[in-house]
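Commentary on secondary and tertiary structure
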Amino acid sequence: MKFKFLFREKIIFIISIIYWLQFSSCSDREPTAPVEITRPMYLSISPNSGDLAYSKNGIINFIFDEPMDIGSFENKFSLKDKNNNIVSGAFAQNDSIVTFTPKTQLEKSTLYFASLKGSVKDINNNTIGVNGEGIFSDTIEIANTWFFTEGDYSEGGFYNIFLRDRKQGKIYSFKNLYELGNEISSLSAPEGFAISEDGKYAVISNTSKNQVVVYEISTNQNVATFSTNAFPANIVIKNNIAHVISVNGKQLTSIDLNSISILSQNNLSFFPGKLAMSTDGSTLYTFDQVTLDLVLLNPENGQVIKRLNKSIANLVAGEITFDDQDQQLFICDTKGKKVKVVDKDGNSINDFYSMSDGKEPRQIVISKENLILAAGNKVYQLSKSSKEILNNIEFENNVQSLTVIPTKELVYITLTTSVVILDLNTFTILKVIDLGVSGLESIISSPVKN
């Protein structure tokens, strides 16, 4: 019995030694790490869609919830301009942020569109997911943005934009492209307004009070009020002299903005309507509201230089615009549904463009070699040389007014309750500013930057 007991104890001892040797030899091993299978998630992209004045040296940033395999982004990402020209560049990564840096500087005043497709992966080779589902196809878009680069319009500041609200008796202003600035209020049915060539003064016709008021823009203060005959309306400024017509009072008032004083007030022999001025300041253009003649006036004394008989049909409604580049006057013959052109000296008047779609032309502004025409609920880009429509854009409501900034890159358009900023090159809407008021009418740009 004693022998059996010793043998059993020996066997147990030997087995214990074997187990001890096995475990002691593996004491420095760690458990095998589990494979990470969580799909990465896309969180955001910058720049934000609709960013304006974006740097030409700008980059595209993607933010995910974990580090990504930037090698998987090749052929899944594109950065293109409006004409589908592809921008090449390189990817880099900082933790969960993936950055695309263009190889060369972006073009100025240009629309760009960025798009990222599916099948990109994280550093553990997991494919991107949306709502927990893997996006394996590189035809499915998971992120996109668009932006408009900086240009002449933004270099060294922005142009102040001014908007007249006849119903509310206000002049609104926009600074830094689209931010609301100071208001000029407590006006009485303002009908016309203009900005001095140095950008210092706003001259406004306080129509129902038969007044013209001058505001200093920097301080938003009324610096002068002048009485006129009945219903002062349209205003033009040249050589720091503001010229105002009183449409019911048969009067031309000229105000010297250097001394802020009345230079002259001349009675007219007819009821004037609308107003434009030649580049050299030698000639004013207006209409006789009764005869519908185009009338050329001497701005110093209000004397008639020339009449062009019955230049428009039925009613004085459309605006007139002098083209400084080609030294000619464009007329929106609203009821005749035509655009007409007159040489500087009024030697002849000719049809320039007939509205084939029946829209009534309302206003023209000049942009280099083209005209920007507002008619009905559309804005057209009309070639001066070929007289053909190059672009057009349609809105739900009628266009009230439009203006082109001096660098000729952007158009501001007034609708019933909002203002639209349009890229002139592509005729693409960049921004809509809804003001929530219904009396919006004419809009103008300051000739200088703020």
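Values in this document were obtained by computation on a predicted structure and should not be read as measured data. (Residues numbered from 1 in each chain as written. Predicted model: local features only at pLDDT ≥ 70, side-chain atom pairs only at ≥ 80, totals over all residues. Heavy atoms only, no water.)

**A look at the sheet that holds strand E28 (residues 338-343)**
To be explicit about the condition: We call two strands paired when DSSP finds no fewer than two bridges between them. Strands are runs of DSSP state E lasting at least 2 residues, helices are runs of H or I lasting at least 4, and numbering of each runs from the N terminus. Helix axes are fitted only over the stretch in contact, all axes being lines through C-alpha atoms; the angle between N-to-C directions runs from 0 to 180 degrees.
Here we have four strands laid out as an open sheet, ordered E26-E27-E28-E29, and antiparallel in their pairing. Lying at the two open borders of the sheet, with one neighbouring strand each, are strand E26 (320-323) and strand E29 (349-354). Averaged over neighbouring strand pairs, the angle between their axes works out to 25° when direction is ignored. Relative to E28, strand E27 (residues 328-333) runs antiparallel, the two sharing six bridges. When the sheet's bridge partners are listed, Asp333 is paired in E28 with Lys338.

**Brief notes about empty space enclosed by the protein**
What counts, and what does not: Definitions used for this entry: grid spacing 1 Å over protein atoms alone; cavity, a set of points where a 1.4 Å probe fits but cannot get out; pocket, an open set with protein on both sides within 12 Å along at least 5 of 7 lines; lining residue, one with an atom within 4 Å of a point. Grid points are joined across faces, edges and corners, and a volume is the space filled by probe spheres set on the points. In this classification, Asp, Glu, Lys and Arg are treated as charged, Ala, Val, Leu, Ile, Met, Phe, Trp, Tyr, Cys and Pro as nonpolar, and every other residue, Gly included, as polar.
Inspection of every chain in the model, using the stated rule, returns one cavity of 30 Å³ or more. By volume, the largest cavity amounts to about 40 Å³. Taken together, Tyr153, Phe158, Tyr159, Leu177, Ile405, Leu410 and Tyr412 make up the full set of residues lining the largest cavity. For the lining of the largest cavity, the per-class residue count stands at seven nonpolar, no polar and no charged.

**Regarding the confidence of the model for the protein chain**
Low-pLDDT portions of the prediction should not be read for the details of their coordinates. Put simply, the rule is: As a per-residue measure, pLDDT tells how confident the predictor is, with possible values from 0 to 100. Contacts are residue-level and defined by heavy atoms, with any inter-residue pair within 4.5 Å sufficient.
Mean pLDDT over the protein chain works out to 92, with 92% of the residues at or above the 70 mark. Low pLDDT, under 50, characterises residues 1-15; the stretch is placed with zero contacts to residues that sit more than four places away or in other chains. For residues 17-29, every residue scores under 50 in pLDDT, and the model assigns this stretch zero contacts once sequence neighbours within four places are set aside.

**Structural notes on the sheet that holds strand E3 (residues 60-64)**
The strand order across the open sheet built from four strands is E1-E3-E6-E5, with neighbouring strands paired in antiparallel fashion. A single partner strand is all that each edge strand has here, and the edge strands are strand E1 (42-46) and strand E5 (89-94). The sheet shows a mean angle of 20° between the axes of neighbouring strands, taken without regard to direction. Looking at chain direction, E5 and strand E6 (residues 97-102) are connected through six bridges and run antiparallel. In the sheet register, Asn94 faces E6, and the bridge partner there is Ile97.

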